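Coordinate inspection notes
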Amino acid sequence: MDMEVEIDPATNIRASARRTNLRSGMEDLAAFAKKAADLEGALDRLADLTGEESRRSVSRLKSQLAAFEPSVTVLGQVKSGKTSLINAMTGWADLLPSDVNPWTSVVTSLHLTPASQNGETGARFQFMTEDEWDRLTTKGGRIGELAGRAGAEGELHKIRDQILSMRDKSRRRLGRNFELLMGQEHEFGYFDKNMLERYICLGDDFDVEGNASAQDEQGRFADITRSAELFLNCHTVPFRMCLRDTPGVNDTFMMREMVTIKAIRDSRVCVVVLSAGQALTSVDMALVRMIATLKSREVIIFVNRIDELSDPANQMIEIEESIRRTLKKNDGPQDAQIIFGSAYWAGRVLQGELGEMADANADALLNLTEAVLGTTNIGRSPSAHVWELSGLPALMQALSSQFVLSLGEPCLRKIASSAMAIATSQNAVRTVMVEGDDFSSDVSMHEIRTEFERVAERSLTQLKASMSEIFAEYNQRVDRVHENFIERATHSLLSHLEVYGAEHVWEYDPSGLRLLLRSAYSTMGSRARKEAKASYETAVSDTAHLLYRGFGPAVEGIQLSVPSVPQIPSPVTLGQTIALDFNDSWWAMWWRRTRGYQAFTKQFQELIRSETEDFMTQIKDAHTSTIQDDFLEELRGFLDEQKAILLDLVTGAHRSGGAEDMFCDRAEQKRNDALNETLRSLERYIT
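Residues numbered from 1 in each chain as written. Predicted model: local features only at pLDDT ≥ 70, side-chain atom pairs only at ≥ 80, totals over all residues. Heavy atoms only, no water.

1. What about the packing of aromatic side chains?
Considering all chains together, one arrives at 11 aromatic pairs under this definition. Arranged with centres 4.6 Å apart and planes meeting at 20°, the rings of Tyr199 and Phe221 form a pair that is stacked. Linking Tyr199 in helix H8 (residues 193-200) with Phe221 in the loop between H8 and strand E7 (225-234), this pair joins segments that are 22 residues apart in sequence. For Phe221, a relative accessible area of 10% puts it in the buried group. One aromatic cluster is present, formed by Phe125, Phe127, Phe188, Tyr190, Tyr199 and Phe221 through successive ring pairs. (Phe/Tyr/Trp six-rings, centres within 6.5 Å; stacked < 30°, edge-to-face > 60°. Helix = DSSP H or I, 4+ residues; strand = E, 2+ residues; numbered from the N terminus. Buried < 20%, exposed > 50% of the residue type's maximum accessible area, 1.4 Å probe, protein only.)

Laid out in structure tokens, this is it:
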């Protein structure tokens, strides 16, 4: 009945010994892995058939394919079961510690490589910089800043006491190395449980500098660790991927809120982990704000801990209805896929401990089994059945589908399109060499190269100029939105004071500001992508025209594709917490300290301007900078490939005249056959 387990000797971490059912749900990703391997083979063949310049372009395409790593960020409350779920997703029963409360003090990225590929194994830990640590210790992190601006001196004093205690604890742990570690990085060619607990688990105090045994104690570096990356071979994934575990959204000081937001930006898929017993409570509103800017297809909601429900079969229906109502009310991703499951059940399967399941958890399992099958008599192994009900196969299927449709297929299509242009150009090179002087060009080879440089420079300059114009108009719009919001909120505040006086606490919902900013961002993104596409089309047209001027009909077969316009990243920065999100002690404290209409107006405006300054800067500068960099990088890549093709053609022209018998040579015929076969392989990815 129990699944057999094994202990990995290098990491001292338990992993399942029988992995046959752990890939259930990842069939789409397995099929994609085969397609990616086939494309890699086609690129290898193409590299052997191209000229020296184009061979470099093929090498860049191979690097892009090798670097493709779909990623998913996992969000949720502290103790929602995120870490246990991630352990189950990797098939490692206790990869990340999940019994420390709370343990996830940093964003931890797990880079998983299929075990058959023998990828790199190791760990990398990045520490806070002095500025980041100073922001936490002198201002109390984000919560401290909020309390300080709201005038909540009592609350701020408590926060500072807690942080000073944490700072003293860290100094005792690290001694004179404390300052030296700021901004540094530790990298290892291995990892084990002790190492993980030292760097990413917040634990108890221990003594002291110079004590060798203390070096291995839990949480030694956790207070100052900003991010962690683990690299490991994984038997359960058919293709490399990255899973990002994040601090709970109710992290004590919100000290790593922006790190979590950045993790969401870096992933196109987000898994939100909720606890079935308290799905989308008021605490989760911060979480809803973070995902409200994402498209529904980019969000998967995993309702964990159904093993703790007394009647999961019926309660799951009620919970889903409640979640969808909450998402609709708060402008969240209403059509997001919702999956129910139990990381606890999955863990019992992985650890081979089905027989040791607690009575309440076993009763929930029987309840759900009877609801699904109509009986508790199952026709397959208990471990396979429990694994299915744990929700892991459904979750992995949803992830695999998103990885392939939203990320994988576009990546393969883009690489294959570029490779197709290179492959078809090689036929043109051979034609130029054979035809010799049959085509008379009105420009020299030197003039062609010079003109292409002008085309490239003009294309990049025009794209930059058009982006600058769009971004300038966008910035003006969001500034107006921001000012109008403050004006409306101030008017509402004064109206409240006139009607109710200062005895009743006033509340104002900032969701309108976020909604208008998101709308402005969406409009800007659509305009930017449309303009970028037009720039790309012009660059393709100018390049094709130049090639024809230089080489005539010989280049008509080159298949130049318009580069794919990069997607606009979601404006997840808008999910950052601001003072108006707290309709509790923070806001009430500010209210009670303020006296007089003019004081209310002035202090409120100062408070909101200070609170929104950070995400206004992010959405105006950081987001637009990323968009422009992505657009320009795509165009530069296209131009580099066309330059390589051009140089190969120029080389062919210089070598023309003595190649009349080229196609009589058996080796050349074999080469042409191989090139045609490669073209047929590439066509499968772009049709």
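The rest of the description comes next.
2. Observations regarding the pairing of strand E8 (residues 241-245)
Across a regular strand the side chains alternate sides, sitting on one face of the sheet and then on the other. Of all the five residues making up E8, five are buried; the element is thus mostly covered by neighbouring parts of the structure. The alternating pattern of E8 places Met241, Leu243 and Asp245 and Cys242 and Arg244 on opposite faces, both of which are buried. Across five bridges, strand E4 (residues 107-114) lies against E8 in antiparallel orientation. From the neighbouring strand, His111 faces E8, where its bridge partner is Cys242. (Pairing = 2+ DSSP bridges.)

3. Regarding the environment of Leu647
For Leu647, the location among the structural elements is in helix H19 (residues 597-654). Note on Leu647: relative accessible area 16%, which makes it buried. Residues Leu647 and Glu53, spaced 594 residues apart in sequence, show a C-alpha to C-alpha distance of 6.7 Å. The contacts of Leu647, once residues within four sequence positions are left out, are Glu53 and Arg449. (Contact = heavy atoms within 4.5 Å.)

4. Considerations on helix H3 (residues 82-90)
Of all nine residues that make up H3, eight are buried, and the element is covered over most of its length. Taken as a whole, H3 has its buried residues at Lys82, Thr83, Leu85, Ile86, Asn87, Ala88, Met89 and Thr90. Looking one or two residues beyond H3, the residue adopting positive phi is Gly91, at roughly 80°.

5. Considerations on the side chain of Asp192
Residue placement: Asp192 occurs in the loop between strand E6 (185-188) and H8. Lacking a salt bridge, the buried Asp192 has Arg198 as its closest oppositely charged neighbour, with an N-O distance of 5.2 Å. For Asp192, the side chain forms a polar contact with the main-chain nitrogen of Asn194, separated by 3.3 Å. (Lys, Arg positive; Asp, Glu negative; His and termini not counted. Salt bridge = Lys/Arg side-chain N within 4 Å of Asp/Glu carboxyl O. Polar contact = N/O pair within 3.5 Å; in protein donor to acceptor, adjacent residues only side chain to side chain.)

6. Details of the pattern of salt bridges
The final tally for this structure, using the stated rule, is 21 salt bridges. A salt bridge links Arg305 to Glu308, with the nearest nitrogen and oxygen atoms 3.2 Å apart. For Arg527, the salt bridge identified is with Glu473, shortest N-O distance 2.6 Å. Linking Arg527 in helix H17 (residues 511-551) with Glu473 in helix H16 (residues 445-500), this pair joins segments that are 54 residues apart in sequence. A relative accessible area of 37% places Glu473 in the partly exposed class. A single salt-bridge network, built from bridges that share partners, covers Arg124, Glu185, Glu187 and Glu229.

7. Side note on the confidence of the model for the protein chain
With 78% of its residues at a pLDDT of 70 or more, the protein chain has an overall mean of 80. Taken together, the stretch residues 203-216 has pLDDT below 50 and engages in 24 contacts with residues farther than four places along the chain or on a different chain. Low pLDDT (under 50) marks residues 657-664, which in the prediction has 12 contacts with non-local residues, meaning those over four places away or in another chain. (pLDDT = per-residue confidence, 0-100.)

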